[in-house]
Amino acid sequence: MTPRPLRALFLLCSLALVARADDGYRLWLRYDRIADESLRRDYAAQTGTIFLATPGGAESPTIAAARDELTSGLAGLLGTAPKLEFIKAEAPAALGPEGYSLRATPRGIEVIAARDLGVLYGSFALLRLIQTHQPLGRLAVTSAPKIQHRMLNHWDNLNRSVERGYAGQSLWEWDKLPGELSPRYRDYARACASLGLNGTVLVNVNANAQFLTPAYLAKAAALAGVFRPYGLRVYLTARFSAPIEIGGLKTADPLDPAVIKWWHDKATEIYRAIPDFGGFLVKANSEGQPGPQNYQRTHADGANLLAGAVAPHGGIVIWRAFVYDANVPDDRHKQAYNEFVPLDGRFRDNVVIQVKNGAIDFMPREPFHPLFGAMPRTPLALELQITQEYLGGSTQLAFLAPMWKEVLDADTFRPRAGATVARVIDGTANVARVSRPVNPADTGQETRATLSVIAGVANTGTDRNWSGHPLAPSNWYAYGRLAWDHTLTAAQIADEWTRLTFGNDARVVPTVTSILLASRETVVDYSMPLGLHHIMARNHHQGPGPWVAGGRPDWTSLYYHRADEKGVGFDRTTAGSNALGQYAPEVARRWADLATCPDRDLLWFHHLPWDHRMRSGNILWDDICLHYQRGVDTVRSWQKSWDTLAGAIDEERFKSVQALFARQEREARIWRDACTQYFATFAKRPLPAGVEPPAWTLGYLRSLNAPFTATAHPPAAK
Ligand code: BDP
């Protein structure tokens, strides 16, 4: 037997090693011991007693979750467990049903909320302050979410594949549910709750009716049981043709009495299994999905059918506006607006229309969707894509907070200046909107004026680090933080996430945050400079495909870039499709006028000659090429700065990011070489000074159907 002191030493060493290695599983909830002893002592003194306070003052599974988190979190960070006292206290009205207040008092820290969930949110916030080394001495924080329903949308399928997922399989082990519950479910709920996310749509918008059968409802109910203490409500997607597919009816016509009854009965059955079921998310009459238009009914008829079914139970219906049809000859950009604006005011109170940030489809940059502000009598939700369908999957870094801030802060000028997209969705832009309780179960405590929803298409999967790329959880984090408070800045969020994920090292924090903050613009530079869009490879959407032609025109690249010998870009002014006519005049004027249209949106709205003189003084062709090169150069600069962090970050994540940056540099060059050579066939101009000659021929790059997959990767450049 090893002598005792030696055994202790051995244990200590292995603990130290374990603490150093990091596979990313803990996300931003890492509670490693704070190295600075005096800081640790201060925190230990300040958090000796923590009071968890609600007006009811009763224990619950949610309070137990808060206790667990504080206990394990502080034991990890400080080496001491706090004394937790649960007390009764009135909560300030401004906190609303989910907000919290954190206060330092002489007897200890108070976490006050109107409800248990607020206490849990406040507990996570307190831990975050300590993890990021914020002073607690004069702690007086109050925080309440601006949007009621803060959701993740999982595009997960029954066979556990994930549509546009790049991080392994679906987290939901359908085969093992409801009997076996992976410990990962609870960790998922903790991560969501730590950000204040309170809803999760478990399955794909390209829906499968099987999920509404009793066997699958039991599985969803088991997940809901794990998530409930964390305030995370479960939602499902509703396949519009389910009454036929699993109900044995001949029709799914929304006005048919048998169909109406079927959905009512189905809702009752769901609520029996999941009493706090959130409601349905629906994609209808889009990209081949069935919907009310199959029966010559409108989207309002369809949405109201389902809304009527869940209304008695307090549920909501989230109906997507991502609707376009190749048989409609009009610019795809205009179709959702044309379809939905005439229906404004015709939806039931518990319906919200979910609108993607832009009018095309989650491009690395899109001007805000013209529907925002255009339906004053209907609540609109904002749908963002966390998973990087068009931004490099999980092999490229693109920190998306700057992109989301761009859309949240965009002024719709509807009904007046200052009505940003954020204020349209949180309900404060339109004071005329009717005040109503959102959820009968909320017993009148709701003070908000209207139903408000934000959704992010999740980037989670079974990969050990949840999101594939070690830096990609920053997007899950950023989405959650913005869903709670859209006034946070991208820089604040990047700083927080970096500290939580890599520690507070003075070398690491500025280096990582500056890479994060530059990354989305870099992806724009090398994949869609100056507003060029939808020029990616077919189907998988990874890598360049400016030559994609044939088949549905609105799924080709030619439809969008319109390059010819004279010029390039999509004319959406009055001389072209006039998509600009769907925006408020103040917005339309700015984008229509070349003198005021920002460079970044230029080719989104204008078709311009290759020798158009840019603000930079260069001609358009040269500027396009220089953007591609700048994208490549910036990735190279990250490689250099990342290398300076050797030793300051654990080996595992350091090496993995190093390899991924090398890959991103190569993929950026593939974009550059493919697009500049392809567009040169029209522009017939040489590459400007400062742009490297291509490493691969256009013919070669075109021959690769999937340029970024391992099997079809271009050979190393000469
Ligand atoms: C597109 C995706 C497709 C989705 C669709 C949607 O390519 O896989 O089904 O959006 O949002 O971005 O419905």
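S.K.: Would you explain the overall build of the chain in this entry?
M.R.: Within the chain, the regular secondary structure consists of 21 helices and 15 strands. Overall size of the chain, expressed as C-alpha extent along the three principal axes, is 75 × 70 × 50 Å. In the chain, buried positions account for 61% of the 718 residues. Once local pairs closer than 6 in sequence are excluded, the contacts in the chain between residues at least 24 apart make up 72%. When the accessible area of the chain is evaluated, it comes to approximately 26500 Å², of which 55% is carbon and sulfur surface. The average position of the 77 basic charges and that of the 71 acidic charges among the side chains of the chain differ by 2 Å.

S.K.: How should I be thinking about the packing of helix H3 (residues 61-78) against helix H4 (residues 116-131) in this particular structure?
M.R.: The packing of two helices is summarised by the inter-axis angle and the distance between the axes. Interaxial distance between H3 and H4 falls to 8 Å at its minimum, and their mutual angle equals 10°. Looking at the two axes, H3 sits roughly parallel to H4. Mapping the contact onto sequence places Thr-62, Ile-63, Ala-65, Ala-66, Glu-69, Leu-70, Gly-73, Leu-74, Leu-77 and Leu-78 in H3 and Asp-116, Leu-117, Val-119, Leu-120, Ser-123, Phe-124, Leu-126, Leu-127, Ile-130 and Gln-131 in H4. By residue class, the composition of the contact of H3 with H4 is 14 nonpolar, 4 polar and 2 charged.

S.K.: What is the right way to look at the confidence of the model for the chain in this model?
M.R.: Close reading of the predicted structure is inappropriate where its pLDDT is low. Taken as a whole, the chain shows an average pLDDT of 93; of its residues, 93% reach a score of 70 or greater. With pLDDT under 50 throughout, residues 7-19 is counted as low confidence; its partners more than four residues away or in other chains account for 3 contacts. Low pLDDT, under 50, characterises residues 710-714; the predicted model gives this stretch 16 contacts beyond four residues in sequence or across chains.

S.K.: What am I meant to see in the side chain of Ser-194 here?
M.R.: Here Ser-194 is to be found in helix H5 (residues 183-195). Given the relative accessible area of 7%, Ser-194 is considered buried. Engagement of the side chain of Ser-194 in a polar contact is seen with the side chain of Trp-28, the distance being 2.8 Å. When sequence neighbours within four positions are dropped, the list of residues in contact with Ser-194 reads Trp-28, Leu-29, Phe-124 and Arg-128.

S.K.: It is not clear to me how the site of the ligand should be interpreted in this structure. Could you clarify?
M.R.: Taken together, 14 residues lie near the ligand, and Glu-163, Lys-283, Arg-320, Asp-361 and Glu-389 sit nearest. Relative to its free-state accessible area of 320 Å², the ligand is covered by the protein chains to the extent of 97%. When grouped by side-chain class, the residues that make up the shell around the ligand number 4 nonpolar, 2 polar and 8 charged.

S.K.: How should the domain arrangement of the chain be read in this particular structure?
M.R.: When the parts of a complex come together, some accessible area is lost, and that lost area is often taken as the interface size. For the chain, the domain assignment lists domain 1 (4-143), domain 2 (149-487) and domain 3 (517-570 + 607-710). Each of domain 2 and domain 3 was reduced to a C-alpha centroid, and the two centroids are 32 Å apart. Taken residue by residue, the interface counts 32 residues in domain 2 and 31 residues in domain 3. Between domain 2 and domain 3, roughly 2600 Å² of surface is buried when both sides are summed, and carbon and sulfur atoms account for 57% of that area. Our count for the contact surface shared by domain 2 and domain 3 stands at 2 salt bridges.

S.K.: Would you explain the packing of aromatic side chains in this entry?
M.R.: What describes a pair of aromatic rings is the distance from one ring centre to the other and the angle between the planes of the rings. Using the criterion set out here, one finds 37 aromatic pairs in the structure. On the basis of an interplanar angle of 65° and a centroid distance of 5.4 Å, the ring pair of Phe-322 and Tyr-324 is categorised as edge-to-face. Assessed through its relative accessible area of 8%, Phe-322 is described here as buried. A residue is classified by how much of its surface remains accessible, and Tyr-324, at 6% relative accessible area, is buried. Three or more aromatic residues joined by ring pairs form one cluster here, namely Tyr-25, Trp-28, Trp-172, Tyr-185, Tyr-188, Phe-227, Trp-466, Trp-476 and Tyr-477.

S.K.: Any chance you could explain the pattern of salt bridges here in plain terms?
M.R.: Two side chains with opposite charge may pair up if their charged atoms get near one another. Taken as a whole and assessed by the stated rule, the structure comprises 49 salt bridges. With a closest N to O distance of 3.8 Å, Arg-186 and Asp-68 form a salt bridge. Taken as a pair, Arg-186 in helix H5 and Asp-68 in helix H3 lie far apart in primary sequence, 118 residues in all. The partly exposed category is assigned to Arg-186, whose relative accessible area is 34%. Owing to a relative accessible area of 42%, Asp-68 belongs among the partly exposed residues under this scheme. Salt bridges linked by common partners bring Asp-633, Arg-636, Glu-665, Arg-669, Arg-672, Asp-673 and Glu-692 together as one network.

S.K.: Even after reading the chapter, I still don't get helix H8 (residues 257-273), so can you show me in this structure?
M.R.: Residue pairs spaced three or four apart in an α-helix point in one direction, given the helix's 3.6 residues per turn. In this model, H8 (17 residues) spans 25 Å end to end at C-alpha, consistent with the 24 Å of a helix rising 1.5 Å per residue. Turning to H8, its buried residues are Val-259, Trp-262, Trp-263, Lys-266, Ala-267, Ile-270 and Tyr-271. Burial along H8 is one-sided: seen end-on, the buried residues are contained in an arc of 160°. Residues of H8 that are exposed and angled more than 90 degrees away from the buried face: Pro-257, Lys-261 and Arg-272. For H8, the elements touching its buried residues are helix H6 (214-227), helix H7 (242-245), strand S9 (279-282) and helix H9 (299-310). The backbone nitrogen of Ala-258 lies 2.8 Å from a side-chain oxygen of the residue at the head of H8, namely Asp-256.

S.K.: Before we go on, may I ask you to explain the nonpolar core in this structure?
M.R.: In a soluble, globular protein the nonpolar side chains are often hidden away together inside. Of all hydrophobic cores here, the largest spans 225 residues; its most connected members are Phe-227, Trp-263, Trp-319, Trp-476 and Phe-679. Residue contributions to this core peak at 12 residues, all from helix H20 (residues 651-683). If we skip the residues at most four places from it in the chain, Phe-679 touches Leu-532, Ile-535, Pro-546, His-561, Ala-563, Val-568, Trp-610, Trp-621 and Tyr-628.

S.K.: Would you mind showing me how to read the sheet that holds strand S13 (residues 453-457) here?
M.R.: The pairing of strands in a sheet happens through backbone hydrogen bonds and is either parallel or antiparallel. The strand order S6-S7-S8-S9-S10-S11-S12-S13 describes a closed barrel built from 8 strands, whose pairing is parallel. Neighbouring strand axes in the sheet, compared pairwise and without regard to direction, differ in orientation by 25° on average. Contacts between H9 and the sheet are confined to S9, strand S10 (316-320) and strand S11 (351-356), with S10 contributing the most and set at about 160° to the helix. Contacting strand S6 (149-153), strand S12 (380-385) and S13, helix H13 (residues 473-484) crosses the sheet at an angle of about 155° to S6.

S.K.: Sorry if this is basic, but what is going on with the environment of Pro-402 here?
M.R.: For Pro-402, the position within the fold is in helix H11 (residues 401-408). Put simply, Pro-402 and Ile-493 are 91 residues apart on the chain and 9.9 Å apart in space, counted from C-alpha to C-alpha. Pro-402 has contacts with Ala-490, Leu-517 and Arg-520, leaving out every residue within four places of it along the chain.

Parameters at a glance
Residues numbered from 1 in each chain as written. Predicted model: local features only at pLDDT ≥ 70, side-chain atom pairs only at ≥ 80, totals over all residues. Heavy atoms only, no water. Helix = DSSP H or I, 4+ residues; strand = E, 2+ residues; numbered from the N terminus. Buried < 20%, exposed > 50% of the residue type's maximum accessible area, 1.4 Å probe, protein only. Contact = heavy atoms within 4.5 Å. Areas by Shrake-Rupley, 256 points an atom, 1.4 Å probe, with all protein chains shown as cover. Lys, Arg positive; Asp, Glu negative; His and termini not counted. Charge placed at Lys NZ, Arg CZ, Asp CG, Glu CD. Axes fitted to C-alpha atoms, helices over the stretch in contact; angles between N-to-C directions. Parallel < 35°, antiparallel > 145°, perpendicular 65-115°, else oblique. Nonpolar A, V, L, I, M, F, W, Y, C, P; charged D, E, K, R; others polar. pLDDT = per-residue confidence, 0-100. Polar contact = N/O pair within 3.5 Å; in protein donor to acceptor, adjacent residues only side chain to side chain. Near = heavy atom within 4 Å. Domains from an automatic or database assignment. Buried area = accessible area lost by both parts, 1.4 Å probe. Salt bridge = Lys/Arg side-chain N within 4 Å of Asp/Glu carboxyl O. Phe/Tyr/Trp six-rings, centres within 6.5 Å; stacked < 30°, edge-to-face > 60°. Expected span 1.5 Å × (residues − 1). Arc of directions from axis to C-beta. Core = buried A, V, L, I, M, F, W, Y, C linked by side-chain atoms within 4.5 Å. Pairing = 2+ DSSP bridges.

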